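As a plain string of letters, each chain reads:
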Amino acid sequence: MNLVGIFISLLAIKGTQKSGKVLKKEADLYSLHKTRMKWATETDAVVLIDLENVRGKSDFDLSHAELLRRTTLWSKANNLQDRVTFFVDHGSLHTAYYLPNEGISLVFAGPRMKADDVLARDISFFERNAIVITADNELMSRCRNAMERSRADIEVQFIQPIKFICDLEFLVKNATCEEGSTPLEADGGQDEDKCLHKESLGNYLSTELVKKIDEEIKLRGAMYETETQMREKRNMSTPKKRRKLEKRARMLCERLALKGGQSLDHLTTLNGVTEYDRKFQDEVLRQWEKLRQTATRREMTGDRILLAEYFRRKVENFAFEQSQQAPDSTNSGNHSLRYAQYIQNMSGNNVATSMGSGGIQQSGNDETDYSNDIKNRPLRLVVISDTHGFEESLTPDGGILPDGDILLHLGDFAIDSSMKKKGKAIEKFDAWLARQPHRTKIVLRGNHDPFSVQFPLSGANFFSKPKSIAIDGKITITLVPYSSPRNLSSSWRNLPMFCDILASHSPPHRVLDKCYNGVNAGCSSLRAKVERMIAGPPHLWLCGHIHEGRGAEKLAFGLSSRETMVVNVSNANDGRATHIQYDPVVLDIDTVGNVNVVQGERIQPESITQDKGLAMVSVQ
């Protein structure tokens, strides 16, 4: 045998050994998977599925409806009815639906949260063992941490989506047509009054509209990738790399603004749409799903936004129809129904929940009711700042602040004195906070405050680093305590790319930031970050720090044509704080972003011309 033959023989032997190892590994994984499924059945565990993660592992070949159909077969084959819940990214609402015929609930994260956040937040809600189907290592870690914080006698196990998909494929091949059917697949079953007639499609889903939507999706995808790169430290390690990414982000923002950049919002929003607009949206979404089935371009985030909203609307219709046909289920063992009802109730109440794995503490009287229509009223914020130890002056004679959903203190609550006196003043401030009626109390660190503070009496949440929270999955608030520009730049990468409300200690540069000596002392770094927000600037920006800046202004940041209302809520007198001069500011904000000033001296917002020396001129 020559050398070539010997080499080939060695390769064959090595390949056989490697193949044997692979087969053994696959057999072990299959055995482990079967063990977990048996464990789930015996312990009455719930199954939580990260839907988009599963679809991603199928290269997005599986549609939402097809994955639901196959999972229905899988849950029945494994006796898991009423224990399976899908967590779906996107959707115009953060809501949940229960399908009695399938025995499955579906939770939509909405436009302000991710399915990962909802799953990690609520995994302990079921108070029982859980199986999570995902390949996201970060989500796995968050689920483990959540379970450890809840109870010691429940556990969570994980199944890889690839194995789950293989199980679904096997069941589909061995299932009859009737068993595999689901009403969500049948577009032809829709009534004529639920969608536009097919003959009119040419007037609505024209080539121009398809091209416009496709271009916007591509631009948003490029912007998202650029923002992701900017969040990675290695890409921002040198000024050259940083300038290159910032230049690219600015160019993409300009291109998106010039092209309108609102097609996806118009097709998925439910605010202010007429019946005809809704029919138009439904038909375009339905046709877009059909186009995606034959598309050659890879599925991007913009596509998933449209597909998820169309899926949500179909689920909403059929959940209603099935609820009319099926009897009410009050069985406590129906975990899917119980969780869907919990999400629906929570989305109707103003309860603060963290977007991260941790929670926001609530305190005060849970029976607060200052409005007859709690579910539909806007969120009410009571905002104060720069009290400098004089907080009792805000509530003379032992009174309390105006009622609201959230009490926000934007920093500088401490006094400038010795550590002993400062500590006593902080204890006094905590006792004062405990008297206030607000269920959720948030305090930011100001430049006069210590980095670490505990509020045991009031249960107030203290933030010395930037953080984002979500209110019912509808309104997001980004909290930015006082920080140096360098620390702000590094911590900003961990925040979302959009928010409805920005609450910071410092005001934006050249906006309500002029000191008594005429110097503009606002934060230019924070302003620059807001101008580069991919989804546009916030509707409301609350700040303090500069006592002389008390007031409100409206202006457009960056390329956005939408005006942001900036409110400086400082309560102290001008210059060095010696007393409280202004009352608290009370504002209402709804899910659309409409802001109403309920109470506040000198808070009369006026639109101002944008500073071209600091920000780009908005494109109309």
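Preceding this paragraph is the structure being described.
Residues numbered from 1 in each chain as written. Predicted model: local features only at pLDDT ≥ 70, side-chain atom pairs only at ≥ 80, totals over all residues. Heavy atoms only, no water.

### Side note on the overall build of the protein
Next up, step 1: A count of helices and strands for the protein gives 16 helices and 20 strands.
Next up, step 2: Taking all 620 residues of the protein together, 51% fall into the buried category.
Next up, step 3: Counting only contacts in the protein whose residues sit at least 6 apart along the sequence, the fraction spanning at least 24 positions is 72%.
Next up, step 4: Total accessible area on the protein stands at roughly 29600 Å², and carbon and sulfur atoms take up 50% of it. (Helix = DSSP H or I, 4+ residues; strand = E, 2+ residues; numbered from the N terminus. Buried < 20%, exposed > 50% of the residue type's maximum accessible area, 1.4 Å probe, protein only. Contact = heavy atoms within 4.5 Å. Areas by Shrake-Rupley, 256 points an atom, 1.4 Å probe, with all protein chains shown as cover.)

### Some details on the environment of Gln262
Next up, step 1: The topology assignment puts Gln262 in the loop between α9 (239-258) and α10 (263-268).
Next up, step 2: Accessibility expressed as a relative area gives 40% for Gln262, which makes it partly exposed.
Next up, step 3: Residues Gln262 and Lys212, 50 residues apart in the sequence, show an inter-C-alpha distance of 10.0 Å.

### Concerning a positive patch on the surface
Next up, step 1: A grouping of Lys240, Arg242, Arg243, Lys244 and Arg248 is seen on the molecular surface, where their side chains present a positively charged patch.
Next up, step 2: Tracing the chain through its elements places Lys244 in helix α9.
Next up, step 3: Residue Lys244 is classed as exposed on the basis of its relative accessible area of 66%. (Patch = residues over 30% accessible without salt bridge, like charges linked within 9 Å, V, L, I, M, F, W, Y side chains within 5 Å. Salt bridge = Lys/Arg side-chain N within 4 Å of Asp/Glu carboxyl O. Lys, Arg positive; Asp, Glu negative; His and termini not counted. Charge placed at Lys NZ, Arg CZ, Asp CG, Glu CD.)

### With respect to the sheet that holds strand β10 (residues 440-444)
Next up, step 1: One open sheet holds the 6 strands; their spatial order is β11-β10-β9-β8-β18-β19, and the pairing between them is mixed. Two strands in the sheet have a free side with no partner beyond their single neighbour: β11 (461-463) and β19 (595-599). Geometrically, the sheet is characterised by an average inter-axis angle of 25 degrees between neighbouring strands, direction not taken into account.
Next up, step 2: Pairing between β10 and β11: 3 bridges, direction parallel. Along β11, the bridge assignment pairs Leu444 with Phe463.
Next up, step 3: Running over the sheet, helix α14 (residues 419-435) touches β8 (379-384), β9 (406-409) and β10 and is turned about 150 degrees from β10. (Pairing = 2+ DSSP bridges. Axes fitted to C-alpha atoms, helices over the stretch in contact; angles between N-to-C directions.)

### Let's talk about the pairing of β19
Next up, step 1: Where strand β18 (residues 585-589) lies against β19, 4 bridges are found, and the strand directions are antiparallel. Pairing of Asp588 across the sheet is with Asn596, part of β19.
Next up, step 2: The loop that links β18 with its antiparallel partner β19 comprises 5 residues; one of these, Gly593, has a positive phi angle of about 105 degrees.

### Looking at the packing of helix α3 (residues 64-77) against helix α6 (residues 161-173)
Next up, step 1: Viewed as axis vectors pointing N to C, α3 and α6 meet at an angle of 85 degrees, and their least axial separation amounts to 9 Å. Taken together, the axis directions place α3 and α6 in an arrangement best described as roughly perpendicular. In this structure, α3 uses Leu67, Arg69, Arg70, Thr71, Leu73, Trp74 and Ala77 to contact α6, whose residues at the interface are Phe164, Asp167, Leu168, Glu169, Leu171 and Val172.
Next up, step 2: Residue composition of the contact of α3 with α6, by class: 8 nonpolar, 1 polar and 4 charged. (Parallel < 35°, antiparallel > 145°, perpendicular 65-115°, else oblique. Nonpolar A, V, L, I, M, F, W, Y, C, P; charged D, E, K, R; others polar.)

### With respect to the pattern of salt bridges
Next up, step 1: Counting across every chain of the model gives 27 salt bridges.
Next up, step 2: In this structure, Lys163 engages Asp167 in a salt bridge whose closest nitrogen and oxygen atoms are separated by 3.8 Å. Taken as a pair, Lys163 and Asp167 lie in helix α6 at a separation of 4 residues, close to a single helical turn.
Next up, step 3: Given a relative accessible area of 13%, Asp167 falls into the buried group.
Next up, step 4: Two residues, Arg527 and Glu531, come together in a salt bridge whose shortest N-O distance is 3.1 Å. Taken together, the residues Arg527 and Glu531, both in helix α16 (residues 524-531) and 4 residues apart, mark about one turn of the helix. Each member of the pair, Arg527 as well as Glu531, is classed as buried.
Next up, step 5: Connected via shared salt-bridge partners are Arg278, Asp282, Glu309, Arg312, Arg313 and Glu316.

Fair warning: the whole summary comes from geometry, so function is off the table for now.
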